[in-house]
Amino acid sequence: MSQLTPVAEGVHRLVPSPAGRVHLVEAGQGPLVLLVHGFPESWYSWRHQLPALAAAGYRAVAVDVRGYGRSSKPADVAAYRMTELVEDAVAVVRALGERTAVIAGHDWGSSIAAHSALLRPDVFRAVAMLSVPYTPRGGPRPTETFAAMGGTDEFYVSYFQTPGRAEAEIEPDVRGWLAGTYAALSADTKPGPDAPHPLFVAPGGRMRDRFPAGGTLPGWLSEADLDFYAAEFERTGLTGALNRYRNMDRDWEDLAPHDGAPIVQPSLFVGGAEDDTTRWLSGAIDAFPTTLPGLVSSRLLDDCGHWIQQERPAEVNAILLDWLARL
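Residues numbered from 1 in each chain as written. Predicted model: local features only at pLDDT ≥ 70, side-chain atom pairs only at ≥ 80, totals over all residues. Heavy atoms only, no water.

Asker: An account of the pattern of salt bridges is needed here, citing residue identities and associated values.
Answerer: Using the criterion set out here, one finds 26 salt bridges in the structure. The salt bridge involving Arg 175 is made with Asp 227; its shortest N-O contact spans 2.8 Å. A residue pair is termed long-range when its members are at least 10 positions apart, and Arg 175 in helix H7 (residues 174–184) and Asp 227 in helix H8 (residues 223–236) qualify at 52 residues. Glu 232 serves as the salt-bridge partner of Arg 235, at 2.8 Å between the closest nitrogen and oxygen. With Arg 235 and Glu 232 both in helix H8 and 3 residues apart, this pair spans about one turn of that helix. Where salt bridges share partners, they join Arg 13, Glu 26, Arg 59 and Glu 98 into one cluster. (Salt bridge = Lys/Arg side-chain N within 4 Å of Asp/Glu carboxyl O. Helix = DSSP H or I, 4+ residues; strand = E, 2+ residues; numbered from the N terminus.)

Below you can see the structure in the form of structure tokens.
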């Protein structure tokens, strides 16, 4: 394990993983809580949780997911399938000298956390999911489902499928695209109800065409925060991050033995009431008594969008700490 320079948020480390290495930031001592980010983010999305968890007596560790930041970025698209990301999470726990951990995730990180708990209950003793509820494997092939959404418009997941296509839009102006994405899905800057939805792409168009006009940043995002995210993706490119979307059919095939399987460990869900994800997946939330029999708490935060632990850090911290204390 190599140690990098300590910073105010914690200690940066590089630990071995099946793909090479995982970059993480660690703060505090005590029971291990592993924090997994989503798209398009990094370990930095947990900057408000790391010190709060550390102060409460936990060993809080936020990772850069494979393909992001300083973590390894395999060239093979298939290297970003869910089963590989679960093994990365296990590798981090082992590299830190621990046998078990609590895992929490946001957005794609929520799905990674959920499937880590599903596939490796021997390692992950509890799971917290932010913004994206657990949806068991099932139904038709995912790309078929997404292709049928939106009518003449194209759902963003379908738009991301072809390697190089979304990169050609994003990479010439990473900072501007990130700013638009963050604003489009934040409660205080999202487009109005009559505006075209920013997650659907018009024929021949781009995602950024439907981002909020004016360039106003959401209240949770400072210029310095945006600079951090932009610098990370300007250095790495977007392909590693986008490859997660390009494995959804592979995941559907890999997880066939777990069709409909519940997660039985103690669990938590927290979403934003102004996040379209919680609206589109309201059926998954309604199914929690079956899919999450160990559910301790499920919360929707009013006036909160998709970037929940950054939009409402104090409230999310309080919910996480209350849940952890009950474990």
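Asker: Can you explain the side chain of Arg 208? Please cite residues and give values.
Answerer: The residue Arg 208 is located in the loop between strand S9 (200–201) and H8 in this model. Given the relative accessible area of 19%, Arg 208 is considered buried. The residues touching Arg 208, leaving out its near neighbours within four places in the chain, are Glu 169, Ile 170, Asp 173, Gly 176 and Trp 177. (Buried < 20%, exposed > 50% of the residue type's maximum accessible area, 1.4 Å probe, protein only. Contact = heavy atoms within 4.5 Å.)

Asker: Quick rundown of the nonpolar core? Include the residues and the values.
Answerer: Grouped together as the largest cluster of nonpolar side chains are 98 residues, with contacts concentrated most on Leu 34, Phe 39, Val 92, Phe 124, Phe 160, Leu 178 and Met 207. For this core, the element with the highest residue contribution is helix H2 (residues 82–95), accounting for 7 residues. Contact partners of Phe 39, with chain neighbours within four places excluded, come to Tyr 68, Asp 107, Trp 108, Phe 160, Trp 177, Leu 238, Ala 241, Leu 242, Tyr 245 and Trp 307. (Core = buried A, V, L, I, M, F, W, Y, C linked by side-chain atoms within 4.5 Å.)

Asker: Could you give an account of the side chain of Ser 72, with specific residues and numbers?
Answerer: Note that Ser 72 resides in the loop between strand S5 (59–63) and H2. Since its relative accessible area comes to 16%, Ser 72 is described here as buried. Looking at Ser 72, its side chain comes within polar contact range of the main-chain nitrogen of Arg 21, at 2.9 Å. Those residues in contact with Ser 72 that sit more than four places away from it in its chain are Ala 19, Gly 20, Arg 21, Arg 66 and Gly 67. (Polar contact = N/O pair within 3.5 Å; in protein donor to acceptor, adjacent residues only side chain to side chain.)

Asker: Which residues make up the packing of H7 against H8, and what values do they have?
Answerer: Remark: H7 packs on H8, axes separated minimally by 9 Å, with the N-to-C direction vectors making an angle of 125°. When the axes of H7 and H8 are compared, the pair comes out oblique. Two packed elements cross with a definite hand, and for H7 against H8 that hand is right-handed. Where H7 abuts H8, its residues Val 174, Arg 175, Leu 178, Ala 179 and Tyr 182 lie against Glu 223, Leu 226, Asp 227, Tyr 229, Ala 230, Phe 233 and Glu 234. Residue classes in the contact of H7 with H8 are distributed as 8 nonpolar, no polar and 4 charged. (Axes fitted to C-alpha atoms, helices over the stretch in contact; angles between N-to-C directions. Parallel < 35°, antiparallel > 145°, perpendicular 65-115°, else oblique. Left-handed = near helix turned anticlockwise from the far one by under 90°. Nonpolar A, V, L, I, M, F, W, Y, C, P; charged D, E, K, R; others polar.)

Asker: Summarise the pairing of strand S10 (residues 267–272); cite the residues concerned and give the values.
Answerer: Burial of S10 is extensive: 6 of the 6 residues sit out of reach of the surface. Side-chain alternation along S10 places Ser 267, Phe 269 and Gly 271 on one buried face and Leu 268, Val 270 and Gly 272 on a second face that is also buried. Here 4 bridges tie strand S7 (residues 124–130) to S10, and the two strands are oriented parallel to one another. Note that in S10 the partner of Leu 130 across the bridge is Val 270. Where S10 and strand S11 (residues 295–301) come together, 6 bridges link them in parallel fashion. Each residue of the ladder has a partner; that of Val 270, found in S11, is Arg 299. (Pairing = 2+ DSSP bridges.)

Asker: An account of the packing of aromatic side chains is needed here, citing residue identities and associated values.
Answerer: To describe a pair of aromatic rings, one takes the distance between the centres and the angle between the planes. Applying the stated criterion across every chain, the model contains 25 aromatic pairs. Residues Phe 39 and Phe 160 carry aromatic rings whose centres are separated by 5.6 Å and whose planes lie at 65° to one another, so their mutual orientation is edge-to-face. Here Phe 160 lies in the loop between helix H5 (156–159) and helix H6 (165–170) and Phe 39 lies in the loop between strand S4 (32–36) and helix H1 (49–55), a separation of 121 residues in the sequence. You can call Phe 39 buried: its relative accessible area is 5%. Given a relative accessible area of 0%, Phe 160 falls into the buried group. Grouped by ring-pair contacts, the aromatic residues Phe 39, Trp 108, Phe 146, Phe 155, Tyr 156, Tyr 159, Phe 160, Trp 177, Phe 200, Phe 211, Tyr 245 and Trp 280 constitute a single cluster. We note Arg 137 situated over the ring of Trp 252; from NZ or CZ to the ring centre the distance is 4.5 Å. (Phe/Tyr/Trp six-rings, centres within 6.5 Å; stacked < 30°, edge-to-face > 60°. Lys NZ or Arg CZ within 6 Å of the ring centre and 35° of its normal.)

Asker: Outline H2, listing residues and values.
Answerer: Here H2 spans 20 Å end to end across 14 residues, near enough to the 20 Å set by a 1.5 Å rise per residue. Every buried residue of H2 is listed here: Met 82, Leu 85, Val 86, Asp 88, Ala 89, Val 90, Ala 91, Val 92 and Val 93. With its phi angle positive at about 80°, Gly 97 sits one or two positions after the end of H2. (Expected span 1.5 Å × (residues − 1).)

Asker: Any details on the environment of Tyr 44? Residues and values, ideally.
Answerer: The topology assignment puts Tyr 44 in the loop between S4 and H1. Filtering out sequence-adjacent residues up to four positions away, Tyr 44 remains in contact with Asp 225, Phe 228 and Tyr 229.

Asker: A description of the environment of Arg 99 should follow, citing residues and the corresponding values.
Answerer: Tracing the chain through its elements places Arg 99 in the loop between H2 and strand S6 (101–106). Arg 99 sits in the exposed class, given a relative accessible area of 71%. Along the chain, Arg 99 and Leu 32 lie 67 residues apart, while their C-alpha atoms are 9.5 Å from each other. Other than its neighbours up to four places away in sequence, Arg 99 contacts Val 93, Arg 94, Asp 122 and Val 123.

Purely geometric stuff here, so don't read any function into it on its own.
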